[in-house]
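Reading the structure
Here is how the chains run, residue by residue.
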Amino acid sequence: MKSIVLIGYMASGKSAVGIVLAEKLNLKFIDLDAYIVSKTGLSIGGIFETKGEIYFRKIESECLLGILEAQSGYILAVGGGTPCYGNNMESINKYAFSVFLKTPLKVLVNRLKAEKQNRPLVSSLSDADLTEFVAKHLFERHPFYEKAQLTIDVKERGITEIINEIAVV
Ligand code: S3P
C-alpha cells in the first residue's frame, strides 16, 4: 500500500494538501504534530515551553519512527523541522515515498504572519523580522528537503493541480 510523507517548511501546505490527497487516494491522513499531541497530552507550544526544543525533537523522531515502522497506506504530513534532525530523512525515504512542497518565501511569510501564534519557533517574532528569519531558516533546511524523492514547485498552483501531480507517481 502507498505510504507518502509530505515535507516542507512551516505553512507550506502539507496538511491542506495531505487531507485532500488522502481522500483522493483513499488512504488515511496522519499529521505528525497532532500525533505527538495525542501521545504526550501536551500541545506543541506546551512541549517547547515546558520541556524545550531538544526534548521535542526526541519525541518527534520517536513518533515518526513509530508510524513509519508500524503503519502503511497513509499520507503523513510531518513538521517543518522533522526532516532536519537525526536520521529522520533517511527513515522517511526508507519506509515511504517523500514529497517536498516547495513553496515561495513570500507565500510562507504571508501565511505565517496570520498563523504564527501556534508555532513556537516564530511566535515571538515581529512581522518585520519574519522574512529574514524564514529566508535564513529555509536556506539551512533546504539540503534536507532536497533529499525528497519528488519536489513539487508549488508557486501559484492550486491544491487540485498539486495533488494530481503527486497522485500519478
Ligand atoms: C516546526 C514546525 C511545526 C512544529 C513545530 C516545529 C519546525 O510544524 O512541528 O512547531 O521546526 O519547523 P508545521 O510545519 O506543521 O508548522
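So, here is what we can say about the structure in this document. Within any chain, residue numbers begin from 1 and follow the written order of that chain's sequence. Totals for whole chains, interfaces and linings use every residue, but because this is a predicted model, local features are given only for residues with pLDDT of at least 70 and side-chain atom pairs only at 80 or more, for both listing and counting. The side-chain numbers reported here are obtained from all heavy atoms of the structure, hydrogens and water having been left aside.

1. Notes on the site of the ligand
What surrounds the ligand is a group of 13 residues, the closest being Lys14, Arg57, Gly80, Arg119 and Arg141. In this structure, arginine 57 approaches the ligand through a side-chain N or O atom, which is 2.7 Å from an oxygen atom. Nitrogen and oxygen atoms within 3.5 Å of one another constitute a polar contact, given that in protein one can donate a hydrogen and the other can accept it, and given that sequence-neighbouring residues count only through two side-chain atoms. Within the side chain of arginine 141, one N or O atom sits 2.7 Å away from an oxygen atom of the ligand. Residues are grouped as follows: nonpolar covers Ala, Val, Leu, Ile, Met, Phe, Trp, Tyr, Cys and Pro; charged covers Asp, Glu, Lys and Arg; every other residue, Gly included, is treated as polar. Of the residues contributing to the shell around the ligand, the split by class is 5 nonpolar, 3 polar and 5 charged. By convention in this text, a residue qualifies as near a molecule or strand provided that one of its non-hydrogen atoms is within 4 Å of it.

2. Section: the side chain of serine 98
Helix and strand definitions follow DSSP, with helices as H or I runs of at least four residues and strands as E runs of at least two, each counted in order from the N terminus. Mapped onto the elements, serine 98 comes out in strand S4 (residues 97-102). Given the relative accessible area of 0%, serine 98 is considered buried. Here asparagine 93 takes part through its side chain, which lies 2.5 Å from a polar atom of the side chain of serine 98. We call two residues in contact when some of their heavy atoms are within 4.5 Å. Ignoring anything within four residues of it in the chain, the contact list for serine 98 reads Val5, Met89, Ile92, Asn93, Lys147, Ala148, Gln149 and Leu150. Think of it in three bands: residues with accessible area under 20% of the maximum for their type are buried, residues over 50% are exposed, and the middle band is partly exposed, with areas taken using a 1.4 Å probe on protein chains only.

3. Quick word on the nonpolar core
Within the largest apolar cluster, 34 residues are counted, with the highest numbers of intra-cluster contacts made by Val5, Ile7 and Leu76. At the level of elements, strand S1 (3-7), helix H2 (32-40), helix H3 (44-51), helix H4 (53-70), strand S3 (74-77), helix H5 (88-95), helix H6 (105-115) and helix H7 (127-145) are the ones that each hand at least two residues to this core. For this core, the leading source of residues is H4, giving 6 residues. Discounting chain neighbours no more than four positions away, the residues touching leucine 76 are Ile4, Val5, Leu6, Ile30, Leu32, Leu64 and Ile67. Working definition of a nonpolar core: buried Ala, Val, Leu, Ile, Met, Phe, Trp, Tyr and Cys residues. They are joined through side-chain atoms within 4.5 Å. In this structure, Ala22, Ile152, Val154 and Ala167 belong to the second largest nonpolar core, which totals 16 residues.

4. Section: unusual backbone geometry
Backbone geometry follows two general trends: most residues other than glycine have a negative phi, and most peptide bonds adopt the trans configuration. Phi is positive for alanine 11, which is not a glycine, with a value near 70°. Tracing the backbone shows alanine 11 in the loop between S1 and helix H1 (14-25). For alanine 11, a relative accessible area of 7% translates into the label buried. In this structure, asparagine 26 takes a positive phi of about 60° despite not being glycine. When you line up the elements, asparagine 26 lands in the loop between H1 and strand S2 (28-31).

5. Focus: H5
Each turn of an α-helix holds 3.6 residues, which means side chains three or four residues apart point in the same direction. For H5, the set of buried residues is Asn88, Met89, Ser91 and Ile92. Axial view of H5: buried residues confined to an arc of 160°, hence all on one face. Against S1, H4, S4 and H7 lie the buried residues of H5. Here the arc refers to the set of directions running from the helix axis out to each C-beta atom.

6. Observations regarding the environment of alanine 128
Mapped onto the elements of the fold, alanine 128 is located in helix H7. You can call alanine 128 exposed: its relative accessible area is 69%. Each C-alpha atom, one on alanine 128 and one on lysine 113, is 9.7 Å from the other, the two residues being 15 residues apart in sequence.

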